[in-house]
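# Geometric and topological summary
Residue strings, one per chain:
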Amino acid sequence: MVRKIKAKSSGVRIRFYSAKQNRTVMCESLLEKDFCLYMEFQPEVVSYKEQPFRVEEINYVPDFLVLYRSGKEAVYEVKPSEILKEPAVNERLFKAKNILKEKGYEFEVFTENSISWTRLKNYEFIYRFHRKPSHYNTYESHLLESISEGPLSVQELLERFSQAEKPLVLPVLWHMIYKGKLKTDLDSPLSNRSIIHA
């Protein structure tokens, strides 16, 4: 990390635990935290590093460097869309993009519009279940077997278990969605009516 992250005038300094990297990522804003959460759900992303290096030509430190499974490396600037309307900011990012392109990096800008509010809220909910539940091995195969018969709603899946088992099954279900073993529409609010499929 090139630039030491300090609290801004707003006092915002956020620690985000990355399950993908098994480390804490230091964020300078809530939007950077949202970016990290987004990266956790991108299967093609191997890792991402905050404040990775300094572009000496313009004394610029990118927000994140992302490494993809393909070997591609992309630099991300995380900014609110309102700030991007400022000519000075656009000019600086344009210079950075050109310099980084010459160095072999792709350059992307992430704003609050890069991900829908509904998907972000769903990511936040599912990420609570990134750790493998203690009863995972008990219910994983049963859930997979149920879904192999065809898509079912969360409620329909739960009806296949006893009342005592339901609170144990739900964390397993959400963990399996987090890991990509089961799928659902993350662009619609999650509920017991959400359809689960393989």
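Residues numbered from 1 in each chain as written. Predicted model: local features only at pLDDT ≥ 70, side-chain atom pairs only at ≥ 80, totals over all residues. Heavy atoms only, no water.

## Quick look at the overall build of the protein
The helix and strand tally for the protein stands at six helices and eight strands. Counting from the amino terminus, helix and strand elements in the protein follow one another as β-β-α-β-β-β-α-β-α-α-β-α-α-β. Along the first, second and third principal axes, the C-alpha atoms of the protein reach 65 × 35 × 25 Å. Buried residues in the protein amount to 44% of all 198 residues. (Helix = DSSP H or I, 4+ residues; strand = E, 2+ residues; numbered from the N terminus. Buried < 20%, exposed > 50% of the residue type's maximum accessible area, 1.4 Å probe, protein only.)

## Considerations on the environment of Leu 100
Residue placement: Leu 100 occurs in helix H2 (residues 87-102). For the pair Leu 100 and Ala 74, spaced 26 residues apart in sequence, the C-alpha to C-alpha distance is 9.2 Å. Ignoring any residue separated from it by four or fewer positions in sequence, one finds Leu 100 in contact with Phe 53, Val 55, Tyr 60, Val 75, Tyr 105 and Phe 107. (Contact = heavy atoms within 4.5 Å.)

## Here we look at the sheet that holds strand S4 (residues 64-68)
The sheet built from four strands is open, its strands ordered S3-S4-S5-S6 with mixed pairing. Of all strands in the sheet, those bounded by a partner on one side alone are strand S3 (45-50) and strand S6 (106-110). Pairs of neighbouring strands in the sheet enclose a mean axial angle of 25°, with direction left out of account. Relative to S4, S3 runs antiparallel, the two being bridged by five bridges. Looking at the pairing, Tyr 48 lines up with Val 66 of S4. Along the sheet, helix H1 (residues 30-40) contacts S3, S4, strand S5 (73-78) and S6; its crossing angle with S4, the most-contacted strand, is approximately 5°. (Pairing = 2+ DSSP bridges. Axes fitted to C-alpha atoms, helices over the stretch in contact; angles between N-to-C directions.)

## Some points on the pattern of salt bridges
Counted under the stated rule, the structure contains 10 salt bridges. When the shortest N-O distance is used, the salt bridge between Glu 124 and Lys 121 registers 2.7 Å. With Glu 124 and Lys 121 both in helix H3 (residues 117-127) and three residues apart, this pair spans about one turn of that helix. Among the residues examined, Glu 124 registers a relative accessible area of 26% and is labelled partly exposed. (Salt bridge = Lys/Arg side-chain N within 4 Å of Asp/Glu carboxyl O.)

## Quick notes on the packing of H1 against H3
Where H1 contacts H3, the two axes come as close as 10 Å, and the packing angle between them is 70°. On the basis of their axis angle, the class for H1 and H3 is roughly perpendicular. Crossing angle aside, the handedness with which H1 passes H3 is left-handed. Of the residues in H3, those touching H1 at Lys 33, Asp 34, Leu 37, Tyr 38 and Glu 40 are Leu 120, Tyr 123, Glu 124 and Tyr 127. Here the contact of H1 with H3 is composed, by residue class, of five nonpolar, no polar and four charged. (Parallel < 35°, antiparallel > 145°, perpendicular 65-115°, else oblique. Left-handed = near helix turned anticlockwise from the far one by under 90°. Nonpolar A, V, L, I, M, F, W, Y, C, P; charged D, E, K, R; others polar.)

## Some points on the pairing of S5
Among the six residues in S5, five count as buried, and that is most of the element. In the sheet, S4 pairs with S5 via four bridges, with the strands oriented antiparallel. When the bridges of S5 are listed, Leu 65 appears paired with Val 75. What sits between the antiparallel neighbours S4 and S5 is a turn of four residues, in which Gly 71 has the positive phi angle 100°. Bridge count for S5 against S6 is five bridges, and the pairing is parallel. Opposite Val 75, over in S6, you have Phe 107 as the bridge partner.

Geometric descriptors of this kind do not, in isolation, establish any biological role.
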